[in-house]
Amino acid sequence: MKITVKLFATFRAGRFAVQMQDCAPGTRIADVITALEIPESEIGMIMLNNRHADPDHQLEEGANLSLFPLLGGG
Amino acid sequence: MDKILRVNMSDLSTKVEAVPAEWAGFGGRALTSTIVAAEVPPTCHPLGVNNKLVFAPGLLTGTAAANSGRLSAGAKSPLTGTIKESNSGGSSARLLANLGVKALIIEGAPKQDKWYSLHLDKDGVKIQEETELVGSGNFAVVQALEARFHKKVGVISIGPAGEMKMASANISVKDPDSKLRSIGRGGLGAVLGSKKIKFISVDDQGGPGVKLADPEKFKIAARTFAKTLLDHPVSGQGLPTYGTAILVNILHEVGGLPTRNFTAGQFDGHEKISGETMHATIVERGGKPKHGCQAGCVIQCSQVYNDKDGKYLTSGFEYETIWGLGADCCIDDLDDIATADSIMDDIGVDSIETAVMFGVAMEAGVLPFGDGKGVVRMLRDEIGKGTPLGRILGGGAASVGKTFGVTRVPVVKGQGIPAYDPRSIKGIGITYATSTMGADHTAGYSIATNVLNVGGRVDPLKKEGQVELSRNLQIATAAVDSTGMCIFIAFPALDVPECLPALIDMINARFGIGLTGDDVVGLGKYVLKTERQFNIAAGFTNQHDRLPEFFSQEPVAPHNAIWDFTGEEIDEFWNF
């Protein structure tokens, strides 16, 4: 199934900003993170279709997955 | 800090007073709000003789504590009519602390049509007539005063907007690079203007400095504290690398980036105005991606942004400004926004209020959405010059909304709503509604827990837990605002267990006292209740703790969320 993965801030270094990917049905967010070689301890926010999500969430066709390091501001 | 300086602009007299015992434990916001609540009649005209403007460094200002150099200013606000405290970085707080000044209270107003300045040094405070710099922008004031005195002189000033008593006028504070930081919200620049003071210069040479009751204990606590700031990913890496503008893409993803005068939650041009783009542009043009607004800052969230010829354009280029002129006004050219930011610094207007105002002005048809050059022209030639249109625009978002018959006016208690949509991030909506300051995001930054997963997690799209979250954050923030600390210490304070105890240890070592965590919470509650009492006496009721009607009626994409808190649910906030 096709999903869109978006990376932000330092996660883009050596990777990409936006990429469409193929993945097997039943793929979890954690699997995508592992495949990108991002240590789970560095994950700040995970957003799936504009809502907060957890790593063990299963992805569906057309999913929009955004990954952020721990960031903040004011 | 053992002196209170009083300046009376009605009879041009000054007094040096001892600190009353009941004020000894206060600094920053706790002190300004205590004094304003005690000495300003809540029903006074904010631009009249009975309002007072109080400046106060924080409890830890002047020590070696990291990030402790913020300056608070307080008064009755001409924009909101509530009590107001606003604070900034820059160098002046530290200089005041070194002079032993716990607070500077400016009262009365001159009857004659003359302008003045104040000068603070080891001998006290002098009022002097000022002619040369009247009408000057803030950058020129800083340059002129460095020539008059010396490079290290502290400067607190107003631009033409403050001289013209515009309700969006801010107060500028010189930073270590001779640029400007802003005591931004609530029109305090107009209060200083109503007292006919163009600037305050501060020279700490020969001052007593700040003494510590227990220097050894302080040193240990300060080291622990600074380490927590460096260890937390937000204060230690994210903010120094990208600044606050990193929030553009985050808020876009969460669907809470107010766009086109709060009619949508995402902006097509978001990538062009993002923190990632700003960082790359700064580096490419030889600016500084990392920069501190005060000596002793270890977070360095600020930056120096150059134009395409590599010349200084602006610094302190914040998420709020970029969001407001960017997404809310649909301008996707970062250079236009930076030019506007620099002019707002120079003429001395709050960049949040002004950005929200332009969104309303665009909806009113005063200029088209997306017209970056038009915004720059109106700042420079209308607001900066005080034309009739400029005076309306300089009055802020509510003023423009009323004048042009707009209903979609995003303000609470007359103050423009900042860069987070309350429909899709409900926790910040409670802060906007209930804060004694009017719509204010830093007063209780629910974004941390609703969006950024700092200090736990509360779903931004649900009502559960939001009132409690906002309450805890507002109480904690009121306490932090009293220490002279930059609010960004809140990120490590929420997540790193050693941070808050180290902060309390520093306060205890500075004064030789024994505060506990409960005392700090107690201080925060006291500040909020004192401020609320003032507002009630000024005529505010729980009906003012509400968001504008359109938030309950207009769903915002992508979540089609609306603001659905009842009045009773919001009023629960004050049950403490």
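These figures come from a predicted structure and were not determined experimentally. Along each chain, residue indices are assigned from 1 in the same order as the chain's sequence is written. Following the order in which they are written, the chains are lettered starting with A and the ligands numbered starting with 1. Thresholds applied to this predicted model are a pLDDT of at least 70 for local features of residues and 80 or more for the giving and counting of side-chain atom pairs; totals over whole chains, interfaces and linings are not thresholded and use all residues.

J.: Teacher, can you tell me more about the nonpolar core here?
T.: Soluble, globular proteins show a tendency: their nonpolar side chains are buried together. Here, a nonpolar core denotes buried Ala, Val, Leu, Ile, Met, Phe, Trp, Tyr and Cys residues that are linked to one another through C-beta atoms within 7 Å. To sort residues by exposure, count the other C-beta atoms lying within 10 Å of each residue's C-beta; 20 or more gives buried, 12 or fewer gives exposed, and values between give partly exposed, all with C-beta atoms placed from the backbone. Of all hydrophobic cores here, the largest spans 196 residues; its most connected members are Val-54, Ala-103, Phe-225 and Met-506 of chain B. Here, residue contact means that the backbone-derived C-beta atoms of the two residues sit within 7 Å. Here Phe-225 of chain B is in contact with Ala-65, Ala-66, Cys-499, Ala-502, Leu-503 and Met-506 of chain B, once residues within four sequence places are set aside.

J.: It is not clear to me how helix α10 (residues 319–328) of chain B should be interpreted in this structure. Could you clarify?
T.: Each α-helix winds once per 3.6 residues, and so residues spaced three or four apart point in a common direction. Residue and element names in this part refer to chain B. The buried fraction of α10 amounts to ten of the ten residues, a majority that puts the element mostly inside the structure. Only DSSP runs of H or I with at least four residues qualify as helices, and only runs of E with at least two residues qualify as strands; both kinds are numbered from the N terminus onward. Those residues of α10 lying buried are Tyr-319, Glu-320, Thr-321, Ile-322, Trp-323, Gly-324, Leu-325, Gly-326, Ala-327 and Asp-328. Where α10 is buried, its residues meet α8 (247–254), α11 (334–347), α12 (351–363) and α13 (372–383).

J.: Looking at this model, I keep getting lost on the interface of chain B and chain A. Mind explaining?
T.: Where interface size is quoted, it is often the accessible area lost as the parts come together. Listed as interface residues are 27 residues of chain B and, on the opposing side, 16 residues of chain A. At the level of secondary structure, the elements contributing two or more residues to the side of chain B that touches chain A comprise α7 (233–242) and α8 of chain B. Note on residue categories: nonpolar means Ala, Val, Leu, Ile, Met, Phe, Trp, Tyr, Cys or Pro, charged means Asp, Glu, Lys or Arg, and polar means any other residue, Gly included. Residue classes in the side of chain B that touches chain A are distributed as 17 nonpolar, seven polar and three charged.

J.: In this structure, what is going on with the environment of Ala-245 of chain B? I would like to understand it.
T.: Residues and elements named next belong to chain B. Examined against the element boundaries, Ala-245 turns out to sit in the loop between α7 and α8. In this structure the C-alpha to C-alpha distance between Ala-245 and Tyr-319, which are 74 residues apart in sequence, comes to 4.1 Å. For Ala-245, the residues in contact, after removing those within four places along its chain, are Ser-274, Gly-275, Met-278, Phe-317, Tyr-319 and Ile-322.

J.: Would you explain the sheet that holds strand β5 (residues 83–88) of chain B in this entry?
T.: Sheets are built from strands paired through backbone hydrogen bonds, the pairs being either parallel or antiparallel. Residue and element names in this part refer to chain B. Strands are treated as partners if at least two bridges between them are detected by DSSP. Read from one edge to the other, the open sheet built from six strands follows the order β2-β1-β6-β3-β4-β5, with strand pairing classed as mixed. At either margin of the open sheet sits one strand with a lone partner, and together these are β2 (13–18) and β5. The mean angle between the axes of side-by-side strands here comes to 15°, regardless of whether they run parallel or antiparallel. As defined by bridge partners, strand β4 (residues 71–76) adjoins β5 across six bridges and the pair is classed as antiparallel. Within the sheet, the bridge partner assigned to Ser-72 lies in β5 and is Asn-87. Sitting on the sheet, helix α1 (residues 28–39) touches β3 (53–57), β4, β5 and β6 (101–107), and the angle it makes with β4 is about 20°. In this analysis, axes come from line fits to C-alpha atoms, helices being fitted only over the stretch in contact, and the angle between any two N-to-C directions falls in the range 0 to 180 degrees.

J.: So what exactly am I meant to see when it comes to the sheet that holds strand β5 (residues 64–69) of chain A here?
T.: Residues and elements named next belong to chain A. In spatial order, the strands read β2-β1-β5-β3-β4; together these five strands make up an open sheet with mixed pairing. Edge positions in the sheet fall to β2 (18–22) and β4 (51–52), since each has one partner strand and no second. Bridge count between strand β3 (residues 43–48) and β5: five bridges; the pairing is antiparallel. Bridge pairing links Ile-46 to Leu-67 in β5.

J.: Can you help me understand the packing of α10 of chain B against α11 of chain B in this one?
T.: Packed helices, taken two at a time, are described by the angle their axes make and the gap between the axes. Residue and element names in this part refer to chain B. Look at α10 against α11: their axes get within 10 Å of each other, and the N-to-C directions meet at 120°. As far as their axial angle goes, α11 and α10 are oblique. Between α10 and α11 lies a crossing whose hand is right-handed. Of the residues in α11, those touching α10 at Thr-321, Ile-322, Leu-325 and Gly-326 are Ile-337, Ala-340 and Asp-341. Throughout this description, any angle smaller than 35 degrees is read as roughly parallel, any larger than 145 degrees as roughly antiparallel, any in the 65 to 115 degree range as roughly perpendicular, and the remainder as oblique. For any pair of crossing helices, the crossing counts as left-handed if the nearer helix is rotated counterclockwise from the farther one by less than a right angle, and right-handed if it is rotated clockwise.

J.: Can you help me understand the domain arrangement of chain B in this one?
T.: Residues and elements named next belong to chain B. Each assigned domain of chain B is listed here: domain 1 (3–202), domain 2 (212–239 + 423–576) and domain 3 (243–421). Taken together, the contacts link 29 residues of domain 2 with 27 residues of domain 3. Contributing elements (two or more residues each) for the side of domain 2 that touches domain 3: α6 (215–231), α7 and α16 (426–434). Looking at the side of domain 2 that touches domain 3, its residues break down into 20 nonpolar, seven polar and two charged. The domain limits used here are those given by an automatic or database domain assignment.

J.: Help me understand the packing of helix α18 (residues 466–480) of chain B against helix α21 (residues 517–537) of chain B, please; the structure alone is not making it clear to me.
T.: Residue and element names in this part refer to chain B. At their nearest, the axes of α18 and α21 sit 7 Å apart, and the two run at 95° to each other. With respect to α21, the element α18 is oriented roughly perpendicular. Residues Gln-474, Ile-475, Ala-476, Ala-478 and Ala-479 of α18 form the contact with α21, whose own contacting residues are Val-520, Val-521, Leu-523, Gly-524, Lys-525, Val-527 and Leu-528. Classifying every residue of the contact of α18 with α21 gives nine nonpolar, two polar and one charged.

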